[in-house]
Amino acid sequence: MALAVTNSNISPRKLRDDLYFYSYQQDSNIPLVISVLASLIERNLARNQRIAKNCTWALSKNVRTRVFDCHETPDMTIQSYLERIFRYTRAGPSVYVVAYVYIDRFCQLYPEFRISPRNVHRLLITTIMVASKYVEDMNYRNSYFARVGGLTTNEMNKLEMEFLFMMGFKFHVNVSVFESYCCHLEREVSIGGGYEIERTLRCAEEIKSKQREERRCSQITRVLL
């Protein structure tokens, strides 16, 4: 998936700090990672629209991926949609990074799939909801995410179930993968050279800590048995 953007208005240092400190702030500002993700997807969307205009074969022929198509294109920009999701769910920046990982994996699994105005909103609300369940300790119900995303509960449930099976339930994101996607997002908004990428993102460290705890519990269990 060729997602790329150059946005000189966003400082990579601010993006890095946003990922590092956000969960410990009481600030209501929109995380910068949302602007970066929105720009990446909008760029990809524009590219796909140009391809589709010139190549009729570029349209996805996979019936399964059409589950994300809506009958009427939502009149809302990607930026506005992501901001709406954030305001009502308060999902931390790491959720959007993991959602980005899922979107990239999905596009690699289904290369004929093209992000379009008809499917992008449903794809985003689905991946963010699934990522939230993976990253966050506390989550809203599917019915709440459905209202936030402009869907019915049945639609939200169906999208989640279809996405889980289409991805083969492979949703684990290890620390190295998480950091590589963070670095990719940072590089997309870097200004000039000599930028040193932060390797100790707090959210990544939390994932690593949970993995160590799981291994320790597993070892204790084997000893007791």
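In what follows, the accompanying structure is described. What you are looking at is a predicted structure, and each value in this text was computed from that prediction instead of being measured.

### Considering the overall build of the protein chain
Right, so step 1: Broken down by element type, the protein chain carries nine helices and zero strands.
Right, so step 2: Ordered by position in the sequence, the α and β elements of the protein chain form the string α-α-α-α-α-α-α-α-α.
Right, so step 3: Contacts spanning at least 24 positions in sequence make up 82% of the contacts within the protein chain whose residues lie at least 6 apart.
Right, so step 4: With an accessible surface of roughly 12,500 Å², the protein chain has 51% of that area assigned to carbon and sulfur atoms.

### Digging into the nonpolar core
Right, so step 1: Counting residues in hydrophobic clusters, the biggest one holds 55 residues, and the most contacted among them are L82, Y96 and F106.
Right, so step 2: Elements that contribute at least two residues to this core include exactly α2 (32–54), α3 (78–89), α4 (93–109), α5 (120–135), α6 (142–149), α7 (153–166) and α8 (175–188).
Right, so step 3: Among the elements that line this core, the one with the most residues is α4, at eleven residues.

### Side note on a nonpolar patch on the surface
Right, so step 1: On the surface, M161, F165 and F169 cluster together into a nonpolar patch covering about 330 Å² of accessible area.
Right, so step 2: Within the fold, F165 resides in helix α7.

### Quick notes on the packing of α5 against α6
Right, so step 1: Relative orientation of the contacting elements α5 and α6 amounts to 145 degrees, with a least axis distance of 10 Å. In this structure, α5 meets α6 at a crossing whose hand is right-handed. Two secondary-structure elements touch here, α5 through I125, M129, S132 and K133 and α6 through N142, F145 and G149.
Right, so step 2: In terms of residue class, the contact of α5 with α6 is made up of three nonpolar, three polar and one charged.

### A few points about the packing of aromatic side chains
Right, so step 1: For the coordinates displayed, the defined rule picks out ten aromatic pairs.
Right, so step 2: Between the aromatic rings of Y100 and Y181, the centroid separation amounts to 5.3 Å while the plane-to-plane angle is 85 degrees, which identifies the pairing as edge-to-face. Here the residue Y100 occupies a position in helix α4, and Y181 occupies one in helix α8, the gap between them amounting to 81 residues.
Right, so step 3: On the basis of relative accessibility, which here comes to 3%, the residue Y100 falls in the buried class.
Right, so step 4: With a centroid separation of 5.7 Å and 45 degrees between ring planes, the pair formed by F163 and F171 is classed as tilted.
Right, so step 5: Classification of F163 by relative accessible area gives buried; the value is 0%.

### Side note on α2
Right, so step 1: For α2, built from 23 residues, the straight-helix expectation of 33 Å at 1.5 Å per residue is met to within 8% by its first-to-last C-alpha distance of 34 Å.
Right, so step 2: Along α2, the residues classified as buried are V33, I34, S35, V36, L37, A38, S39, L40, I41, N44, L45 and N48.

### Things to note about the pattern of salt bridges
Right, so step 1: Under the defined criterion, the tally for this structure stands at three salt bridges.
Right, so step 2: When the shortest N-O distance is used, the salt bridge between R87 and E83 registers 3.6 Å. Pair noted here: R87 and E83 are both in helix α3, with a separation of four residues, about one helical turn.
Right, so step 3: Using a relative accessible area of 19% as the deciding quantity, one classes E83 as buried.

### What to know about α6
Think of an α-helix as 3.6 residues a turn; residues three or four steps apart then line up on the same face.
Right, so step 1: Of the residues making up α6, those classed as buried are N142, F145, A146, V148 and G149. Projected down its long axis, α6 carries its buried residues within an arc of 165 degrees, all on one side.
Right, so step 2: Those residues of α6 hidden inside the fold are in contact with α3, α5 and α7.
Right, so step 3: One or two residues past the end of α6 sits G150, with phi positive at roughly 80 degrees.

### Side note on the environment of S35
Right, so step 1: With respect to the helices and strands, the residue S35 is situated in helix α2.
Right, so step 2: A distance of 3.3 Å separates polar atoms of two side chains, one belonging to S35 and the other to Q79.

### Focus: unusual backbone geometry
Negative phi values dominate among residues other than glycine, just as trans dominates among peptide bonds.
Right, so step 1: You will see that R90, though not glycine, has its phi angle at about 55 degrees, which is positive.
Right, so step 2: Within the secondary structure, R90 sits in the loop between α3 and α4.
Right, so step 3: On the basis of relative accessible area, R90 is assigned to the partly exposed category, the value being 35%.
Right, so step 4: For F169, which is not glycine, the phi torsion reads 60 degrees and is therefore positive.
Right, so step 5: Tracing the sequence through the fold places F169 in the loop between α7 and α8.
Right, so step 6: Under the relative-accessibility criterion, F169 is labelled partly exposed at 46%.

The rules behind each value
- Residues numbered from 1 in each chain as written.
- Predicted model: local features only at pLDDT ≥ 70, side-chain atom pairs only at ≥ 80, totals over all residues.
- Heavy atoms only, no water.
- Helix = DSSP H or I, 4+ residues; strand = E, 2+ residues; numbered from the N terminus.
- Contact = heavy atoms within 4.5 Å.
- Areas by Shrake-Rupley, 256 points an atom, 1.4 Å probe, with all protein chains shown as cover.
- Core = buried A, V, L, I, M, F, W, Y, C linked by side-chain atoms within 4.5 Å.
- Buried < 20%, exposed > 50% of the residue type's maximum accessible area, 1.4 Å probe, protein only.
- Patch = residues over 30% accessible without salt bridge, like charges linked within 9 Å, V, L, I, M, F, W, Y side chains within 5 Å.
- Salt bridge = Lys/Arg side-chain N within 4 Å of Asp/Glu carboxyl O.
- Axes fitted to C-alpha atoms, helices over the stretch in contact; angles between N-to-C directions.
- Left-handed = near helix turned anticlockwise from the far one by under 90°.
- Nonpolar A, V, L, I, M, F, W, Y, C, P; charged D, E, K, R; others polar.
- Phe/Tyr/Trp six-rings, centres within 6.5 Å; stacked < 30°, edge-to-face > 60°.
- Expected span 1.5 Å × (residues − 1).
- Arc of directions from axis to C-beta.
- Polar contact = N/O pair within 3.5 Å; in protein donor to acceptor, adjacent residues only side chain to side chain.

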